[in-house]
Amino acid sequence: MDKLQQYFIRIRKLLDITFFRVLFFLVLGAVLYAAMFSNVKPEKVDLSLFSVAEKTIRSPGTVEDKKSTENKRKDALDQVQDVYALKKEYTQNRVDLITSIFQSAIEVDDEVKDEMKKQEAAATDEQPAVSEPSVEEKVTRLKGKLTPNVTKDLSDQVFSALVQAGHDELSIAKDLTVTAINNVMTKRISADDVENAKKRVEEELKFSTLNDNLRLAAIELGRYAVIQNEFYDPVATEELRQQAAESVEPVKILQGQIIVEEGELINQDIYRQLKLVGLINNEESFKPYIGLMVLIGIILSAIYYYFYQMKIAPDKRQTYLLLYGMIFTLSIFILKIISMLQVYNYSWMGYLFPAAMGGMLIKILIDEKLAILMAIIFAVCGSILFNEGVTGSLNFSVGIYILFSALAGILFLTNQNQRSKILQAGSFAAIVNLLTILALMYLPNGQFTGLEYGYYFITALISGIGSAVLTIGLLPFFEASFGILSTMRLIELSNPNHPLLRKILMEAPGTYHHSVMVANLSESACEAIGANGLLARVGSYYHDIGKTKRPNFFIENQIHHDNPHDRLPPEKSAQIIIAHVIDGSNILRKYHMPKEIIDIAEQHHGTTLLKFFYHKANQNGEEIKEGEFRYPGPKAQTKESAVVGIADSVEAAVRSLSQPTPELIESLVKKIVSDRLQDGQLNECDITMKEIEIVSHTLCETLKGIFHSRIEYPEMNKKVKQA
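Thresholds applied
- Each chain carries its own residue numbering, running from 1 in the written order of its sequence.
- Note on the predicted model: pLDDT of at least 70 is required for a residue's local features to be given, and 80 or more for side-chain atom pairs to be given and counted; whole-chain, interface and lining totals, by contrast, use all residues.
- Side-chain numbers here rest on the full set of heavy atoms in the structure, without hydrogens or water.
- The helix count covers DSSP runs of H or I at least four residues long, the strand count covers runs of E at least two residues long, and both are numbered beginning at the N terminus.
- Exposed residues in this analysis have more than 50% of their type's maximum accessible area, buried residues have under 20%, and partly exposed residues fall in between, with area computed by a 1.4 Å probe over protein chains only.
- Contacts between residues were defined by any pair of non-hydrogen atoms, one from each residue, lying within 4.5 Å.
- We get accessible surface area from the Shrake-Rupley algorithm with a probe of 1.4 Å; when it comes to residues, only the shown protein chains can shield them.
- When the centres of two rings from Phe, Tyr and Trp lie within 6.5 Å, Trp using its six-membered ring, the rings pair. Their planes under 30 degrees apart give stacked, over 60 give edge-to-face, and anything left gives tilted.
- Working rule: Lys NZ or Arg CZ, within 6 Å of ring centre, within 35 degrees of ring normal, means a charge sits over the ring.
- The salt bridge criterion pairs a side-chain nitrogen of Lys or Arg with a carboxyl oxygen of Asp or Glu, the two atoms within 4 Å.
- What goes into a patch is any residue over 30% in relative accessible area without a salt bridge, connected to like charges within 9 Å or, for nonpolar side chains (Val, Leu, Ile, Met, Phe, Trp, Tyr), within 5 Å.
- Working convention for charge: Lys and Arg count positive, Asp and Glu count negative, and His plus the chain ends are omitted.
- Charge positions are represented by NZ for Lys, CZ for Arg, CG for Asp and CD for Glu.
- Multiplying 1.5 Å by the residue count of a helix minus one yields the expected span of that helix.
- The bend at a residue is defined as the angle formed between two axes, one fitted to the seven residues ending at that residue and one fitted to the seven starting there.
- Within this scheme a cavity is a closed region of a 1 Å grid, computed over the protein atoms alone, that accommodates a 1.4 Å probe without allowing it to escape, whereas a pocket is open but has protein on both sides within 12 Å along at least five of seven lines; lining residues each have an atom within 4 Å of a point.
- Grid points are joined across faces, edges and corners, and a volume is the space filled by probe spheres set on the points.
- As used in this structure description, the phrase polar contact means that two N or O atoms lie within 3.5 Å; if the pair is within protein, one of them must be able to donate a hydrogen and the other to accept it, and residues adjacent in sequence are counted only when both atoms belong to side chains.
- For this analysis, a nonpolar core means a set of buried residues of the types Ala, Val, Leu, Ile, Met, Phe, Trp, Tyr and Cys, connected via side-chain atoms within 4.5 Å.
- The quantity known as pLDDT measures the predictor's confidence residue by residue, on a range of 0 to 100.
- Working convention: axes come from line fits to C-alpha atoms, limited for helices to the stretch in contact. Angles between N-to-C directions cover 0 to 180 degrees.
- Roughly parallel here means an angle under 35 degrees, roughly antiparallel means over 145, roughly perpendicular means 65 to 115, and every remaining angle is called oblique.
- When residues are grouped by polarity, Ala, Val, Leu, Ile, Met, Phe, Trp, Tyr, Cys and Pro land in nonpolar, Asp, Glu, Lys and Arg in charged, and all others, Gly among them, in polar.
- For any helix crossing, the convention is left-handed if the near helix is rotated counterclockwise from the far helix by under a right angle, and right-handed if that rotation is clockwise.

Q: Which residues make up the overall build of the protein chain, and what are the values?
A: Scanning the protein chain from terminus to terminus reveals 29 helices and 6 strands. Among the 723 residues that make up the protein chain, the fraction classed as buried is 43%. Sequence-distant contacts in the protein chain: of pairs separated by 6 or more residues, those separated by 24 or more amount to 79%. When the accessible surface of the protein chain is summed, it comes to about 39900 Å², and 56% of that surface belongs to carbon and sulfur atoms.

Rendered as structure tokens:
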């Protein structure tokens, strides 16, 4: 039943933590959205067609003008001429055709001559030689060697002239005709130019030395051979059109481009461009709001991831989350208030923001890496909030300025300096601000007056110094409200002039010296295992503050006094010794000391046994309870408390040795640590056995350095003997 109850309690705690985180990030997201909503809201202008612009209007962003692009592409396509291809093979084909006609005529002539020779050779008195074939027979024989299309397209006069010509005449006529055809058809001949090409062939053959009939035949064959050799190429034309279309660059209305000048008439084209860039639109665009939500989602995710991977206790994580949220919200509020002053058209207004304040607060109170993350986030937010008067949604100059200023404050602020060093970090941030502004003014080759330089530099100084002043002023508030024990606070508490430390020094000087020794031991041991050495040192200073109530009852303060415990029963002595833990925590609470210091004071003895008085009570033969001789606890909950407790016991034990040697010190340290482990005093803190071994070794080395052997001076020995 108890286990079931514990299980439900753990679930409830988990749900509470989850609910807190969800609520925290919802509130943080709402703050960011509310702050930047008006800065991303699309600008609208109250203009109508054919009205006169009262001011110069620029494009808020880069948009493609698709209509102008399409018109430009159409003009480019219209300028593309059709592609016509020259068919060179047509020339050869027609030359071959005419050559074959002449060759066929030559063959007919050769055949006739051969037949005549054969007849003459075979002729006798009884059978005289047959006469030569008639022209008609030769023509018939020639047509038989040619295709029907050729015989149909050419006149009989051509064939008649060819068969009547001799072999040599035909060869000459063939060469002249083929040459003329080739000369003409090597050039482009379109459909409209065919007749002109035929005339050119005719002109070439008209003045040849051929006889009239053969010349006319050659002319007709030349005209017949010449045909169109240039044809439309749809594939090449389409490729050319495609190239022309692709070569057209999209027409864009660039960010910052002037769409209409002041006093200019708003015609249809200008009105269309204004509508295109979203300055005139009846329908509300949700893109900027969606973009803002996505950006906020990225910011919140980064913050969540950082806190999720922090290796700290859940309660402390919740405290850090709430602290971060307050500083973040405060910074956003200041950023928004300053950004609202942009209505006065002061371009230097964005540089007035104390950018280093949030980063320095987060570094001091939480962590340096988280502070750097915050600087990046505020650079982005600032570039949006100060986008008034710039083209686009982001003012990169202000964003860069905020980033550099915040990083300068974070990096120049060291962890081991007092509050006064915050002002120095702010001064360094102011110098970085000046240099950043100078770079941002010179990069675009801007022209500024001396007065403008003065305004910019004054705002840079105010931003840096103001960041330091606000950090110093707000730091005590956050430390007190959240109980944050920062490095600065620890350093202040370690000041010997602190009232409680002066109280220990004046009322219990032996305890003060003991506390200083414990502080030296515990700091070095904690730093060796990666714990907070400064916290251990300061906690050691105050861990025995309760002894100031009865200082004489503690041996380190009994220099010139008798031991009052000799006159008291062991039970009473144990109560007095144990009471110093309770008294110490009460005194620390009365002075509003940090919880971590109070915890060390309460836990440095844990529930250990007062062995001396316990054994003394046993020797008296009385029936006693061991619990009456144990400290009330609690046991050490942190590494720092555990180390301070061990160092406290070790220092007291070693101081009691008359001749502390390195071997004796090492043996004593190991025994004390072993007793603590066996008694379970370190069971409730997260210290490991390896870390315990490192602590033991570090304590031994430090003690050996403190209690090293001294050189014996002869002069001193002589004086001692004489005395």
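Q: Kindly report on the packing of aromatic side chains, identifying the contributing residues and their values.
A: In the structure shown here, the tally under the stated rule is 20 aromatic pairs. With a centroid separation of 5.7 Å and an interplanar angle of 70°, the aromatic rings of F25 and Y304 are classed as edge-to-face. One end of the pair, F25, is in helix α1 (residues 2–40); the other, Y304, is in helix α12 (residues 287–308), and 279 residues separate them in sequence. Among the residues examined, Y304 registers a relative accessible area of 37% and is labelled partly exposed. A ring pair is formed by F477 and F478, whose centres lie 5.2 Å apart and whose planes are at 65°; its orientation type is edge-to-face. Of the residues examined, F477 reaches a relative accessible area of 45% and is grouped as partly exposed. Joined through ring pairs, the aromatic side chains of Y306, F307, Y324, F328, F353 and F378 make up one cluster. Here the guanidinium or amino end of R94 rests over the ring plane of Y224, the centre of that ring lying 5.1 Å away.

Q: Can you explain the pattern of salt bridges? Please cite residues and give values.
A: Enumeration over the complete set of coordinates arrives at 29 salt bridges. For the salt bridge of R630 with D679, the shortest nitrogen-to-oxygen distance reads 3.0 Å. One end of the pair, R630, is in the loop between α25 (611–619) and α26 (639–655); the other, D679, is in the loop between α27 (662–678) and α28 (689–706), and 49 residues separate them in sequence. Among the ionic pairs, E651 bridges to R655, the shortest N-O distance being 3.1 Å. In this pair, E651 and R655 both sit in helix α26, 4 residues apart, roughly one turn of the helix. Residue E651 is classed as buried on the basis of its relative accessible area of 2%. Salt bridges here are not isolated pairs; linked through shared partners, they connect E666, K670, E701 and K704.

Q: How would you explain the environment of L434 if you had to name every residue and give the values?
A: Checked against the element boundaries, L434 lands in helix α17 (residues 420–442). Taking the relative accessible area as the measure of exposure, L434 reaches 24% and is therefore partly exposed. Not counting the four nearest positions on each side in its chain, L434 is found in contact with F457, A460 and L461.

Q: Let's hear about a negative patch on the surface: which residues, and what values?
A: A cluster of acidic residues, E54, E261, E262 and E264, forms a negative patch on the protein surface. By the element assignment, E54 lies in the loop between α1 and β1 (57–58).

Q: Residue-level account of helix α23 (residues 570–590), with values.
A: Over its 21 residues, α23 runs 30 Å from end to end, which matches the ideal 30 Å to within 8%, given 1.5 Å per residue. Its axis deflected by about 30° at A579, α23 carries its strongest bend there. Count one or two residues on from α23 and you reach H592, which has phi positive near 55°.

Q: Tell me about empty space enclosed by the protein, residues and numbers included.
A: This model, assessed by the stated rule, comprises 4 cavities of 30 Å³ or more. In this structure, the largest cavity spans a volume of roughly 70 Å³. Forming the boundary of the largest cavity are S331, F353, A355, G358, G359, A371, M374, A375, F378, I402 and A406. Counting only elements with at least two residues in the lining of the largest cavity, the list comes to α14 (355–365), α15 (368–385) and α16 (396–412). Counting residues per element, the lining of the largest cavity draws most heavily on α15, at 4 residues.

Q: A description of the side chain of T459 should follow, citing residues and the corresponding values.
A: With respect to the element layout, T459 can be found in helix α18 (residues 450–482). Under the relative-accessibility criterion, T459 is labelled buried at 3%. A distance of 2.6 Å separates a polar atom in the side chain of T459 from the backbone oxygen of Y456.

Q: Give a detailed account of the nonpolar core, specifying residues and quantitative values.
A: Membership of the largest hydrophobic core comes to 71 residues, with the highest contact counts inside it found for L32, I303, Y324, F328, L365 and I366. Elements represented by at least two residues in this core include exactly α1, α12, α13 (314–339), α14, α15, α16, α17 and α18. Apart from the residues lying within four places of it in its own chain, the contact partners of L365 are Y320, L323, I327, L475, F478, E479, I484 and S486. Counting residues in each nonpolar core, the second largest holds 47 residues, with Y541, I597, A636 and I692 among its members.

Q: How would you sum up unusual backbone geometry? Please name residues and give values.
A: G633 connects to P634 through a cis peptide bond whose omega is 5°. Among the secondary structure elements, P634 is positioned in the loop between α25 and α26.

Q: Give a detailed account of the confidence of the model for the protein chain, specifying residues and quantitative values.
A: Averaged over every residue, the pLDDT of the protein chain is 82; the share at 70 or more is 89%. Summarising per-element confidence for the protein chain, the mean pLDDT is lowest in helix α29 (residues 714–722) (44) and highest in helix α22 (residues 533–542) (92). Ignoring residues within four places in sequence, the model shows residues 716–723, a span with pLDDT below 50, making 1 contact including any to other chains.

Q: Kindly report on the packing of helix α20 (residues 499–507) against helix α21 (residues 509–528), identifying the contributing residues and their values.
A: Between α20 and α21, the least distance of the axes is 5 Å, while the angle of their chain directions is 125°. Taken together, the axis directions place α20 and α21 in an arrangement best described as oblique. Of the residues in α21, those touching α20 at L501, I504, L505, M506 and E507 are P509, T511 and Y512. Considered class by class, the residues forming the contact of α20 with α21 number 6 nonpolar, 1 polar and 1 charged.

Q: Could you give me a rundown of a nonpolar patch on the surface, with the residues and numbers involved?
A: Together, L49, F50, V52 and L265 make up a nonpolar patch on the protein surface, roughly 360 Å² of accessible area in all. On the basis of relative accessible area, V52 is assigned to the partly exposed category, the value being 47%.

Q: Now, about the packing of α21 against α22: what can you tell me, with residues and values included?
A: Across the interface, α21 lies against α22 with an axial gap of 8 Å and an inter-helix angle of 160°. Looking at the two axes, α21 sits roughly antiparallel to α22. Our pair here, α21 against α22, has a crossing hand that is right-handed. Residues S515, V516, V518, A519, N520, S522, E523, C526 and E527 of α21 form the contact with α22, whose own contacting residues are G533, L534, A536, R537, S540 and Y541. Grouping the constituent residues of the contact of α21 with α22 by class yields 7 nonpolar, 5 polar and 3 charged.

Q: Now, about the side chain of H514: what can you tell me, with residues and values included?
A: Of note, H514 is situated in helix α21. Here H514 is in contact with H543, D544, D648, E651 and R655, once residues within four sequence places are set aside.

Q: Give a description of the environment of I431 that names residues and reports values.
A: Locating I431 in the fold gives a position in helix α17. Spatially, the C-alpha atom of I431 lies 7.5 Å from that of L461, the residues being 30 residues apart in sequence.

Q: Provide a residue-level description of the environment of Q81, including the pertinent values.
A: By the element assignment, Q81 lies in the loop between α2 (66–78) and β3 (84–86). Between the C-alpha atoms of Q81 and R241, which are 160 residues apart in sequence, the distance is 8.7 Å. Residues in contact with Q81, not counting those within four places in the same chain, are T237 and L240.

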